[in-house]
Amino acid sequence: MRKPVTPDELSKAFATIAHYLADSMREAANENAAGDASPAYYDARSSPTGPTTFRRAAAAGAFPSFRVGRKLMARKADVDAWIATQARTPKPKAQSADDVDAAFFASLQPQRPRR
């Protein structure tokens, strides 16, 4: 006949299993964050936007994100798609007062007739 398991032995066994699972999940998250294999993810440090922009955009809901421990993670495809939508267009060059004056005086000059 088997000896009954004590609550202390049972809690030690569960703690060992929980520790093993946590280590496995942490290792998988670190591999994904480093871009080693499988699904590709960015964390704040590996993001091309920089840590502060990554965190602010994730908090604003610009792309789906989740936490693994203390790390904020997001799929690379989602972050890259958001970055593509953020493309900047150059502003038109503002004319200085001298340029405006020169254009005005040039418009006052008589035009030579074309032959």
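Starting afresh in each chain, residues are numbered from 1 along the sequence in its written order. Where totals are concerned, whole chains, interfaces and linings use all residues; where local detail is concerned, this predicted model gives features only for residues with pLDDT of at least 70, and gives and counts side-chain atom pairs only at 80 or more. Side-chain numbers come from the whole structure's heavy atoms, not from hydrogens or water.

**Focus: the pattern of salt bridges**
Here is the rule we go by: Salt bridge criterion: a side-chain nitrogen from Lys or Arg within 4 Å of a carboxyl oxygen from Asp or Glu. A helix here means a DSSP run of H or I that spans at least four residues, while a strand means a run of E at least two residues long, and both kinds are numbered starting from the N terminus. Throughout, exposure labels follow a simple rule: accessible area from a 1.4 Å probe, protein chains only, divided by the maximum for the residue type, with under 20% read as buried, over 50% as exposed, and the rest as partly exposed.
Considering all chains together, one arrives at four salt bridges under this definition. In this structure, D23 and R26 form a salt bridge, with 3.0 Å as the shortest nitrogen-oxygen distance. Here D23 and its partner R26 are both found in helix α1 (residues 7–33), three residues apart, which amounts to about one turn of the helix. Classification of D23 by relative accessible area gives partly exposed; the value is 32%. In this structure, R75 and D78 form a salt bridge, with 3.9 Å as the shortest nitrogen-oxygen distance.

**With respect to the sheet that holds strand β3 (residues 71–75)**
Cut-off, in case you're wondering: Pairing between strands requires that DSSP locate at least two bridges from one strand to the other. Throughout, an axis means a line fitted to C-alpha atoms (over the contacting stretch in the case of helices), and angles, computed between N-to-C directions, take values from 0 to 180 degrees.
Pairing is antiparallel in the open sheet, where three strands are placed in the order β1-β3-β2. Strands at the two margins of the open sheet, each flanked by one partner only, are β1 (41–43) and β2 (66–68). When the angles between neighbouring strand axes are averaged without regard to direction, this sheet yields 40°. Direction of pairing for β1 relative to β3: antiparallel, over a ladder of three bridges.

**Side note on the confidence of the model for the chain**
For clarity, the cut-off: What pLDDT conveys is the predictor's confidence in a given residue, as a value from 0 to 100.
Within the chain, residue pLDDT values average 82, and 88% of them lie at 70 or more. In the model of the chain, helix α4 (residues 97–108) stands out as the element of lowest mean pLDDT, 75, in contrast to helix α2 (residues 51–60), which has the highest, 94.

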